Protein chains: 2
Amino acid sequence: MGLINVENFAAGQWIAPGDNARRIQSAITGEDLALAGASLDAGAMIDYAVTKGGPGLRAMGFHDRAKMLKALALYLNERKQQLYDLSYQTGATLGDHGFDIDGGIGTLFVYASKGRREMPDSDIYVDGEPEMLGKTGAFGGVHVCTPLKGVAVHVNAFNFPVWGMLEKLAPTFLAGMPAIVKPATATCYVTELCVRMMLESGLLPEGALQLVTGDPGDLLDRLGSQDVLAFTGSAATANLLKSRENILRESVRFSAEQDSLNASILGPDVTPESPEFDIFVKEVTREMSVKAGQKCTAIRRIIAPEGLVEPVIEAVKARLAKLVIGDPRREDVRMGALVSASQKRDVEEKAALIAQEAELVTPEGLTIAGDEVQNGAFLAPKLFHCADPDGAEHVHATEAFGPVSTIMGYRDMSHAVALANRGHGSLVASVITHDGDVAREAVMEAGAWHGRIYINDRASAKEATGHGAPMPHFVHGGPGRAGGGEELGGVRGVMHYMQRTAVQGSPDMLQAVTGRYVPGATTKEAPAHPFTRRFGELEIGETLETAAREITPEDIAHFAEFTGDTFYAHTDEEAAAANPFFPGKVAHGYLLLSFAAGLFVQPDPGPVLANTGLDNLRFMKPVQAGDSIRVTLTVKRKTRRTDEYGEVRWHVRLTNQDGEVAAEYELMTMNAY
Amino acid sequence: MGLINVENFAAGQWIAPGDNARRIQSAITGEDLALAGASLDAGAMIDYAVTKGGPGLRAMGFHDRAKMLKALALYLNERKQQLYDLSYQTGATLGDHGFDIDGGIGTLFVYASKGRREMPDSDIYVDGEPEMLGKTGAFGGVHVCTPLKGVAVHVNAFNFPVWGMLEKLAPTFLAGMPAIVKPATATCYVTELCVRMMLESGLLPEGALQLVTGDPGDLLDRLGSQDVLAFTGSAATANLLKSRENILRESVRFSAEQDSLNASILGPDVTPESPEFDIFVKEVTREMSVKAGQKCTAIRRIIAPEGLVEPVIEAVKARLAKLVIGDPRREDVRMGALVSASQKRDVEEKAALIAQEAELVTPEGLTIAGDEVQNGAFLAPKLFHCADPDGAEHVHATEAFGPVSTIMGYRDMSHAVALANRGHGSLVASVITHDGDVAREAVMEAGAWHGRIYINDRASAKEATGHGAPMPHFVHGGPGRAGGGEELGGVRGVMHYMQRTAVQGSPDMLQAVTGRYVPGATTKEAPAHPFTRRFGELEIGETLETAAREITPEDIAHFAEFTGDTFYAHTDEEAAAANPFFPGKVAHGYLLLSFAAGLFVQPDPGPVLANTGLDNLRFMKPVQAGDSIRVTLTVKRKTRRTDEYGEVRWHVRLTNQDGEVAAEYELMTMNAY
């Protein structure tokens, strides 16, 4: 079989490896597998992204882009066997593909879903409610987010050639920004195949996605204030990137996820007999073996009560001894190879540093399963025991990016947390405990050092996603040594590719900008009862003013009797008057809501199909018998939901005969188009 | 009068200026006014902050710290005349004090209020709702924020010696972080007086606040991953700070607000006769004269329709001609001095660069009002006209930090926006327009370049806070040339001093960590009806399960008739069945809410005083006649509100006879302690 030519996709063209291309070896055979590298015109690439990809993506709204992500996910899902087949060459097992390939596609699905459910059916993201500053409400502001007008450059690590790309692309595309992906050379052939699939799908606007598999040339030097540079990899490389003159001068948005010295703490409440002991041993062993320990989130430091260090060592050793290591294409193999011979040398060098402070407790020898892969970059898992974790330095600072971890004992929980925090910032720390107080203490004392704290116990074990697995719903990143960056976290991750802007003005201006009703804005009378108007006919700000209804003493008494809500404030004049919130007997809040519906509802079948919910109800002024209420119903927001109907949010205001607001809320209905 | 000795407050000691102290001149007389500078032990200062100030602040919750901010604001407010009196020496007028001194105190008040209203009565901030990942809901996560464990170093600009400090301190203290303030030397004597007042108030925990008025020594080199460095000032200084080796290596949180080339656009809809013309002229003139134009948000570029350039120039010149410039202590003076003679030289040099591309249209001469201040750093306002804004460079890049601005014409709105964006990122752009479409276009096309977009017109003018005034409710900062930082914005600003951590675990663990009920967590039966239990007695997770109530056909018919809500889905079997959301005739949602209250209410006077509101109501499954509903009421959160009562949030779940959830919501009551 000949070498794979790993191409680039630049300014709309596929470009084959050039004269200076580098050879990439298979992780499992050690033989030459692929060629990558070409001279590219970085200026043309940026121009293509900014003049084609950006406008193409911005012409879509959040919901359209979310639908595009879903279609991409489905497209890749149908072709994932091809990705699996090629990915074995990186040393990854079928189980590892689950994290990389299925995990990446799953991230697209989650962002597709969150984009539809949690972002507006619009091209502007409104962050929070408007706040008015003046006494009459004539001036205020609201925060909005709009896509950055440049390009996002994603510099990814070798360990997750698919997930590493897709977890950055999903929020970038959802935001409305084009991307240039620069995968690490060692596994770029897998990324290239995935990019090729996405481009062939025809689902992306032209210019939205480009790929650099070799030298990026002066791409990074050309980045400016509307661009983003997002990096995953080592602390040393991150430092080189963020120190670049233009990155600093132009305040280019920079985000780094750095490999960190993640720790797992076995809670002080755990005994060798508790279920948590086994959970801990499984988590630790899994983090050493998945991806052969080549995960930025892997457990590098195992922190156990002093009295449990020996039992944990024995249990971990026993599990590791059963691990079949070798050809990842074999069904019985549970741990594959490191990505390359040079990576293996690097891990061994780092492990030697750790060995200065800790004792190796696992066997050195290794049997490699599979005749064809005896020259692959396989490494036996190395568990170290550090007897003096307080005096150690390398153990807390040197990361051997492979199946290497160090166990150390702690005296009490505050000692355990202090040891965990010695990593100077990590992506994730875990605590295996069945005691909520231990969990709370860990978060309060260690939270500031860790981007994620994973707690597992007997209650969650069967569904827990694992110490090492970042989920798209939750942030991935961490302070200090972990790079200070943040990715994912649902919609939070989209915001890294948008600019938040405080927009100030009159209610009418805020409404014009956000496309949703802002209290105080000029409203217009609905030309017909708004319940008779279809989704597409309703306009933001369109308003119905109902007739008034007087509340009688009999209404209140009857409502109490009928519903069973005989709370004294509605039934006993004297007791009600003694209550600091009421002037005397008052109408039930639910009576007001019910009568309000009676006032604004149009009874006949029409476009309004159902009242699906209600938000932000506040009772602001008590209503008593003799008062009369009327309702103002205003179209606030519209969101298409399915092919047949969309959600309408109505701003509802109940006022009394003096025009005072008795209650205010937001009502949701489903309306036919 | 002798020189003012500007002291430092370091590690609990006031330290007087030392041998190397620098002399500071009065802006208005040019004479020596103060001495500042001493050798400080930066290590001891950080240690004092981290070991005393941090723990002292963290021992308080958000509400306690919010109360502390309010008390500080009241304390300073009573003493503000002293601050005014001293501040005249910086060149500031009484009007300017309104922005600096009253504005700073006002920021404390706003954060005090937001801390109480928008943050929890707790020591942990919960960011969003929990999300469960597994099918049975046994595992999920939630984001929490905890205070960073280091120190915040605030490096402030000379122009706002009080506001500049307090706008950073308010969110820092509210987060629970101690601070070291380093004001610019030129006006540090005002900052010192304000710090002295705050320390003398006794309101702050020991170690919460320190002050460096001279050389900070190696303070910045000692910052690490739990510290924050927040800077306001020039782009050049920001670049020096963020390029420091340890700042990069340790991923120290860095935030910069840089002076930027802010623009104001006069909308294409405006004619010389419209009210917006006068509004524009007033905004522009005010931004040139307030603080003698020494504001990072001032309008440096005036962008007007080509046909209106001449009328705007004439109108601005006319207003400037009436401006009395001179001794800021005089009542008739509207514009004071620049902060120093050297600052004046700098502005003149920058103005000379602008003059290469633009013509000065205001007079050069200046009459200084006030005999005593003839040697002060006064400067006549300089309005330039740039005839070729597309070809110009300095006009868009060189900031003369004084009463200097350049007017330029535009052809159409997209040209206007392109010119505004040539600033490469700014703190604020304004658009004076009465046309919502113009406002929307400006935000969509320019939003990504600007941290704030200020829209003003006839409707908002009487309450608008001004182009140049950052409000604590809204973010202050901007991309690119503006530094890429973000401050203020209400609670958003507090988060810059906290670490966001994704906490994962079982519902019980998430509940233990957050201190609020998480659906799926183990509940416990209330020992008595929870409405009979006082605020202090109620426990998170305490639950009432009510009896069931069957819904009869008569109930539905009667509710329709009684309330007037005769929507067909409740009254017409056939029409209801044709509705895609309903199986046939269904009970009103409000009937369910009302009956639910009837089921869970305890009628007698007791600790529950009032139902104040309801959030996140979702109707999940229709209820028909013959179904029966029951209610599960669980204590979710508790928030002390006044000396007498607190708010209880209840999680309410309505289930039918098959245990299916018919509706879910969150109910708020006021409860006596």
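Please read all numbers here as calculations on a predicted model, not as lab measurements.

Asker: Looking at this structure, how should I read the sheet that holds strand β1 (residues 4-6) of chain A?
Answerer: Strands belonging to one sheet form pairs held by backbone hydrogen bonds; the direction of such a pair is parallel or antiparallel. Residue and element names in this part refer to chain A. As summarised here, the arrangement of the three strands in space is β1-β5-β4, forming an open sheet in which the pairing is mixed. The strands lining the two open edges of the sheet, one partner per strand, are β1 and β4 (22-25). Averaged over all pairs of adjacent strands, the angle between strand axes in this sheet comes to 30 degrees, irrespective of strand direction. In this structure, β4 lies alongside strand β5 (residues 32-36), joined through four bridges in antiparallel fashion. Opposite I24, over in β5, you have A34 as the bridge partner. Where helix α6 (residues 188-200) meets the sheet, it contacts β1, β4 and β5, and its direction lies at approximately 70 degrees from that of β1.

Asker: Sorry, what's going on with the interface of chain B and chain A here?
Answerer: By convention, interface size is frequently given as the accessible area that disappears when the constituent parts associate. The partner chain A presents 126 residues to the 126 residues of chain B that form the contact. Both sides together, the interface formed by chain B and chain A hides about 10,500 Å², and carbon and sulfur atoms give 58% of it. Remark: the boundary between chain B and chain A carries 12 salt bridges. The partner of D127 of chain A in a salt bridge is R492 of chain B, with the nearest N and O atoms 3.0 Å apart. Summed over the shared surface of chain B and chain A, the number is 69 residue pairs in polar contact (both at pLDDT 80 or more). The dominant element in the side of chain B that touches chain A, judged by the number of residues it contributes, is strand β26 (residues 608-619) of chain B, at 12 residues. Split into classes, the residues belonging to the side of chain B that touches chain A amount to 53 nonpolar, 47 polar and 26 charged.

Asker: Sorry, what's going on with the domain arrangement of chain A here?
Answerer: Residue and element names in this part refer to chain A. Domain assignment breaks chain A into domain 1 (4-122 + 146-258), domain 2 (263-466) and domain 3 (523-672). With centres defined by C-alpha atoms, the gap from domain 1 to domain 3 works out at 50 Å. On the side of domain 3, four residues touch domain 1, which itself brings four residues to the contact. Buried area between domain 1 and domain 3, summed over both chains or domains, comes out near 430 Å², and the portion from carbon and sulfur atoms is 21%. Three residues stand out in domain 1 for area buried against domain 3, namely H63, R116 and D121, and they jointly supply 74% of the buried area on that side.

Asker: Would you explain the pattern of salt bridges in this entry?
Answerer: Should the charged atoms of two oppositely charged side chains come close, the side chains can pair. Under the definition given, this model contains 80 salt bridges over all chains. Two residues, E487 of chain A and K168 of chain A, come together in a salt bridge whose shortest N-O distance is 3.2 Å. Of the two residues, E487 of chain A is situated in strand β21 (residues 485-488) and K168 of chain A in helix α5 (residues 163-175); the sequence distance between them amounts to 319 residues. Judged by relative accessible area, E487 of chain A falls into the buried class, the value being 6%. Residue class for K168 of chain A comes out buried when judged on its relative accessible area of 1%. One continuous salt-bridge network, built from bridges that share partners, spans E129, D615, K636, R641, E647, R649 and E666 of chain A together with R618 of chain B.

Asker: Before we go on, may I ask you to explain the packing of helix α4 (residues 94-118) of chain B against helix α5 (residues 163-175) of chain B in this structure?
Answerer: Think of two packed helices as two axes; the pair is described by the angle between the axes and how far apart they sit. Residues and elements named next belong to chain B. Where α4 contacts α5, the two axes come as close as 8 Å, and the packing angle between them is 15 degrees. It follows that α4 is roughly parallel to α5 by the angle criterion. Seen from above, α4 lies across α5 with right-handed handedness. In this structure, α4 contributes F99, D100, G103, G104, I105, T107, L108, Y111 and G115 to the contact, and α5 contributes W163, G164, L166, E167, A170, P171 and L174. The residue makeup of the contact of α4 with α5, split by class, is nine nonpolar, five polar and two charged.

Asker: Whenever I open this one, the relation of the copies chain B and chain A confuses me. Can you help?
Answerer: Applying a rotation about an axis and a shift along it to one chain copy brings it onto the other copy. Note on the identical chains: chain B maps onto chain A by a rotation of 180 degrees and an axial translation of 0.0 Å, with an RMSD of 0.0 Å. Such values leave the two copies arranged in the relation of a two-fold axis. Taking C-alpha positions as the reference, the residue of chain B nearest the rotation axis is D615 of chain B, at 2.4 Å. Mapped onto chain A, 100% of the interface residues of chain B again fall at the interface, so both copies present the same surface.

Asker: Could you clarify how one ought to interpret the sheet that holds strand β5 (residues 32-36) of chain B in this entry?
Answerer: Residues and elements named next belong to chain B. The three strands are arranged β1-β5-β4 in an open sheet whose pairing can be described as mixed. Here the strands that pair on one side only, and so sit at the sheet edges, are β1 (4-6) and β4 (22-25). Direction aside, the axes of adjacent strands within the sheet are offset by 30 degrees on average. As judged from the three bridges shared by β1 and β5, these two strands associate in the parallel manner. Note that in β5 the partner of N5 across the bridge is L35. Of the strands in this sheet, β1, β4 and β5 touch helix α6 (residues 188-200), which is tilted by about 70 degrees from β1.

Asker: Would you take a moment to explain the packing of aromatic side chains for this structure?
Answerer: Any two aromatic rings considered together are summarised by their centre-to-centre distance and by the angle between their planes. Within this structure, the stated rule accounts for 24 aromatic pairs over all chains. Here the aromatic rings of Y645 of chain A and F581 of chain B are separated by 4.9 Å at their centres, their planes lie at 50 degrees, and the arrangement is tilted. Here Y645 of chain A is found in strand β28 (residues 645-655), whereas its partner F581 of chain B is found in the loop between α19 (573-577) and α20 (589-600) on a different chain. The exposure class of F581 of chain B is partly exposed, given its relative accessible area of 26%. Between the aromatic rings of F158 of chain B and F401 of chain B, the centroid separation amounts to 5.9 Å while the plane-to-plane angle is 85 degrees, which identifies the pairing as edge-to-face. In this pair, F158 of chain B sits in the loop between β8 (152-155) and α5 while F401 of chain B sits in the loop between α12 (394-397) and β17 (404-410), placing the two residues 243 residues apart along the sequence. Judged by its relative accessible area of 7%, F401 of chain B falls in the buried class.

Asker: Hey, could you run me through the confidence of the model for chain A in this one?
Answerer: Detailed reading of the predicted coordinates is not advisable wherever pLDDT is low. Overall, the prediction assigns chain A a mean pLDDT of 95, with 100% of residues at 70 or greater. Confidence estimates for the predicted assembly give a pTM of 0.95 and an ipTM of 0.95.

Asker: Quick question: what am I supposed to make of helix α7 (residues 235-242) of chain A here?
Answerer: Side chains of residues three or four places apart in an α-helix project in the same direction, reflecting 3.6 residues per turn. Here α7 of chain A has its buried residues at A238, L241 and K242 of chain A. With its buried residues spanning 85 degrees around the axis, α7 of chain A presents them on a single face. Turned more than 90 degrees from where α7 of chain A packs its buried face, A236 and L240 of chain A sit exposed. Buried residues in α7 of chain A make contact with β11 (228-233), α8 (245-249) and β12 (253-258) of chain A together with α8 (245-249) of chain B.

Asker: Help me understand unusual backbone geometry in this model?
Answerer: The general pattern is negative phi for most residues beyond glycine and trans for most peptide bonds. All names here are of chain B. Phi at A292 is positive, roughly 50 degrees, even though this residue is not glycine. Tracing the sequence through the fold places A292 in the loop between α9 (275-289) and β14 (301-305). In this structure A292 comes out as buried when scored by relative accessible area, which is 1%. Its identity is not glycine, yet H424 carries a phi of approximately 60 degrees, on the positive side. Inspection of the secondary structure assignment puts H424 in the loop between α13 (413-421) and β18 (429-432). Under the relative-accessibility criterion, H424 is labelled partly exposed at 43%.

Asker: Explain the environment of H570 of chain B here, please?
Answerer: Residue and element names in this part refer to chain B. Mapping H570 onto the fold places it in helix α18 (residues 568-571). Residue class for H570 comes out buried when judged on its relative accessible area of 9%. Taking C-alpha positions, H570 is 10.0 Å from G589, a pair spaced 19 residues apart along the chain. When neighbours within four sequence positions are excluded, H570 is seen to be in contact with I556, D565, K585, V586, A587 and H588. Within the structure, H570 has its side chain in polar contact with the backbone oxygen of V586 (distance 3.0 Å).

Asker: I would appreciate a short explanation of the pairing of strand β24 (residues 542-545) of chain A in the present structure.
Answerer: Remark: a regular strand shows side chains that alternate across the two faces of the sheet. All names here are of chain A. The sheet contact formed by strand β23 (residues 524-525) and β24 spans two bridges and is parallel. Residue pairing in the sheet places K524 in a bridge with E542 of β24. Across three bridges, β24 lies against strand β27 (residues 628-640) in antiparallel orientation. Looking at the pairing, L544 lines up with L633 of β27.

Asker: For this particular structure, what's the right way to read the nonpolar core?
Answerer: Nonpolar side chains in soluble globular proteins tend to be buried together. Core analysis: the biggest nonpolar cluster contains 86 residues, and F600, L654 and Y665 of chain A together with F600, L654 and Y665 of chain B have the highest contact counts within it. Beyond its immediate sequence surroundings of up to four residues, Y665 of chain A is in contact with L593, A596, F600, L614, D615, N616, L617, W650, H651, V652 and L654 of chain A. One finds V270, V309, V395 and A416 of chain B within the second-largest nonpolar core, a separate group that totals 80 residues.

Asker: Is there a simple way to explain the packing of helix α17 (residues 553-563) of chain A against helix α17 (residues 553-563) of chain B in this structure?
Answerer: It is at 13 Å that the axes of α17 of chain A and α17 of chain B come closest, and there the two elements cross at 165 degrees. Put simply, α17 of chain A runs roughly antiparallel to α17 of chain B. As for the relative orientation of α17 of chain A and α17 of chain B, their crossing is left-handed in sense. Along its contact with α17 of chain A, which presents D555, H558, F559 and F562 of chain A, the element α17 of chain B presents D555, H558, F559 and F562 of chain B. Residue composition of the contact of α17 of chain A with α17 of chain B, grouped by class: four nonpolar, two polar and two charged.

Conventions adopted
Residues numbered from 1 in each chain as written. Chains lettered and ligands numbered in written order. Predicted model: local features only at pLDDT ≥ 70, side-chain atom pairs only at ≥ 80, totals over all residues. Heavy atoms only, no water. Pairing = 2+ DSSP bridges. Helix = DSSP H or I, 4+ residues; strand = E, 2+ residues; numbered from the N terminus. Axes fitted to C-alpha atoms, helices over the stretch in contact; angles between N-to-C directions. Contact = heavy atoms within 4.5 Å. Buried area = accessible area lost by both parts, 1.4 Å probe. Salt bridge = Lys/Arg side-chain N within 4 Å of Asp/Glu carboxyl O. Polar contact = N/O pair within 3.5 Å; in protein donor to acceptor, adjacent residues only side chain to side chain. Nonpolar A, V, L, I, M, F, W, Y, C, P; charged D, E, K, R; others polar. Domains from an automatic or database assignment. Buried < 20%, exposed > 50% of the residue type's maximum accessible area, 1.4 Å probe, protein only. Parallel < 35°, antiparallel > 145°, perpendicular 65-115°, else oblique. Left-handed = near helix turned anticlockwise from the far one by under 90°. Least-squares fit on C-alpha atoms with pLDDT ≥ 70 in both. Phe/Tyr/Trp six-rings, centres within 6.5 Å; stacked < 30°, edge-to-face > 60°. pLDDT = per-residue confidence, 0-100. Arc of directions from axis to C-beta. Core = buried A, V, L, I, M, F, W, Y, C linked by side-chain atoms within 4.5 Å.

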